[in-house]
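Residues per chain, in single letters:
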Amino acid sequence: MRNRTLMIGCLAAALAATGLAGGTAARADDEAKAPPDPTRGQWDTFLDPLRDFEDNYVSAGQKAIEDATKIHLFAGFTEAYTWDFNKPRSGSLIALHSLEHHNDGVPAIGQLGASRPSEGWFIPGFGLKLDAGKVARDVKADWNGNGGVKHGDTFETNDFDVQEAYLTWTMPDDGPASLKGLSLKGGKFVTLLGAEVIEPWSNYNYSRSFLFSFAIPFTHTGALVSYPISDKLSVTGGAVEGWDKVQSNNQGWSGMGNVTYTATDQVTLAANGIWGPEQTNKTGNKRGVADLVATIKPTSALTLLLNYDWGHEDAAAPGNEAALWQGFAAVANYAFTDRLSAAVRGEWFEDHGGARTGIGGTFYEGTLTGKYLITQHLYGQVEYRHDESSRGDAFPKDSPGQVNSSTGPIPITKFTDGQDILGFAVTYVFN
């Protein structure tokens, strides 16, 4: 309850702050430029006072602040409820998931953020994202360099996180023409790898894929350089402390890079990679991942997202053997109307040696997510997901036995093979 109150209070404060700086006049000045609200003029006109408040104060306030200071403020809040029919302990992470919890009413994530571009030669830009809720704990980095997020590391195990905090610098307009577009970033930031992100409002499905959960990192601390070679091709590269670390656990550095090619307006291809030492107090054993992402829009209503990952780590599997993992995920998102859309995801993931999942094997999942815009900034989702494994004991339901509860042992009752999950989410976001 304390976390819920804190998150709602922070979100309300952020929205109020943006509203103080704007108003009806600011909204009117920008009305011609703003995209039309797809939720207006339909069956739920009784919500128009809420839409008016969003447009006239919050959105207009965001724009007024950005016009005056060049600082873009944003906020998001997601309350979700997921039910695993295998009935694990309430509040626990669902088996082989990274961010979804069973039968838990604690808000998933509340986020406040701000960003500003650099200005001229000497004024840097910045990016900041502050998270609260269960997601903040689940993506927490190793801040003290002791090799992991451990019991007793108070900050690392609470429900607050500084997801991103970095400075940026972009070559000014009066710089060399050959370096136009060159930019630098230094601090803590999210990874370049993967097709999904931490914020649920930036993904098509609510639950995250196995690839997001096990194949790649969440965040890094380090520095990156980006450069647009042409209008279609850009590159990024730099050095980071490693996977999900603020302070190194081995005094080593990892190299990370990205190449993005915009083939057409409908097709974008990205190749990402990271390589370096990740094991505590060891720099000889290296971990590397190659990550490929394709975004395809055959029509304005249909978006396809394809993601393949291949990973390898020296001496990370039992018997001091090398660990190997790979997987592929495909997402199709279709907008039936401006307000109603649905996303389907299919995926397989192989973890040879068990270094990523802790148990090893081959895993599959199929997910169907429906989304409906209530207002331009408020939407609801419903999701059904089925997980399967080549192992007989990957999910609690697959092996006979019992689970312990506060009232004593409870026999496991079979629902289906694998794992079935039903989820609901409501999100309010200004970005």
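Residues numbered from 1 in each chain as written. Predicted model: local features only at pLDDT ≥ 70, side-chain atom pairs only at ≥ 80, totals over all residues. Heavy atoms only, no water.

Account for the nonpolar core, naming residues and giving values.
Soluble, globular proteins show a tendency: their nonpolar side chains are buried together. Membership of the largest hydrophobic core comes to 23 residues, with the highest contact counts inside it found for Leu 96, Met 256, Ile 274, Val 289, Trp 325 and Phe 349. Secondary structure elements with two or more residues in this core: α5 (210-215) and β12 (321-335). The leading source of residues in this core is α5, at 4 residues. (Core = buried A, V, L, I, M, F, W, Y, C linked by side-chain atoms within 4.5 Å. Buried < 20%, exposed > 50% of the residue type's maximum accessible area, 1.4 Å probe, protein only. Helix = DSSP H or I, 4+ residues; strand = E, 2+ residues; numbered from the N terminus.)

Mind laying out the pattern of salt bridges, listing which residues take part and the relevant values?
Taken as a whole and judged by the stated rule, the model has 21 salt bridges. The closest approach of N and O atoms between Arg 40 and Asp 48, which form a salt bridge, is 3.9 Å. On the basis of relative accessibility, which here comes to 30%, the residue Arg 40 falls in the partly exposed class. A salt bridge links Glu 278 to Lys 245, with the shortest nitrogen-to-oxygen separation between them at 2.9 Å. Of this pair, Glu 278 sits in the loop between β9 (267-277) and β10 (286-296) while Lys 245 is found in the loop between β7 (233-240) and β8 (254-262), placing the two residues 33 residues apart along the sequence. Residue Glu 278 shares its accessibility class with Lys 245, and that shared class is buried. Three or more residues joined by partner-sharing salt bridges are found here, namely Asp 37, Arg 40, Asp 44, Asp 48, Arg 51, Asp 52, Asp 55 and Arg 339. (Salt bridge = Lys/Arg side-chain N within 4 Å of Asp/Glu carboxyl O.)

So what's going on with the environment of Lys 134? Residues and values would help.
Note that Lys 134 resides in helix α4 (residues 134-138). We classify Lys 134 as buried; its relative accessible area is 14%. It is 8.7 Å that separates the C-alpha atoms of Lys 134 and Glu 100, two residues lying 34 residues apart in sequence. Dropping the residues within four chain positions of it, Lys 134 is found in contact with Gly 91, His 101, Asp 104, Val 106, Pro 107 and Ala 108. (Contact = heavy atoms within 4.5 Å.)

I'd like a description of a nonpolar patch on the surface, backed by residues and values.
The grouping of Tyr 81, Val 382 and Phe 424 at the surface amounts to a nonpolar patch, some 250 Å² of accessible area in total. With respect to the secondary-structure elements, Phe 424 resides in strand β18 (residues 419-430). Judged by relative accessible area, Phe 424 falls into the partly exposed class, the value being 42%. (Patch = residues over 30% accessible without salt bridge, like charges linked within 9 Å, V, L, I, M, F, W, Y side chains within 5 Å. Areas by Shrake-Rupley, 256 points an atom, 1.4 Å probe, with all protein chains shown as cover.)

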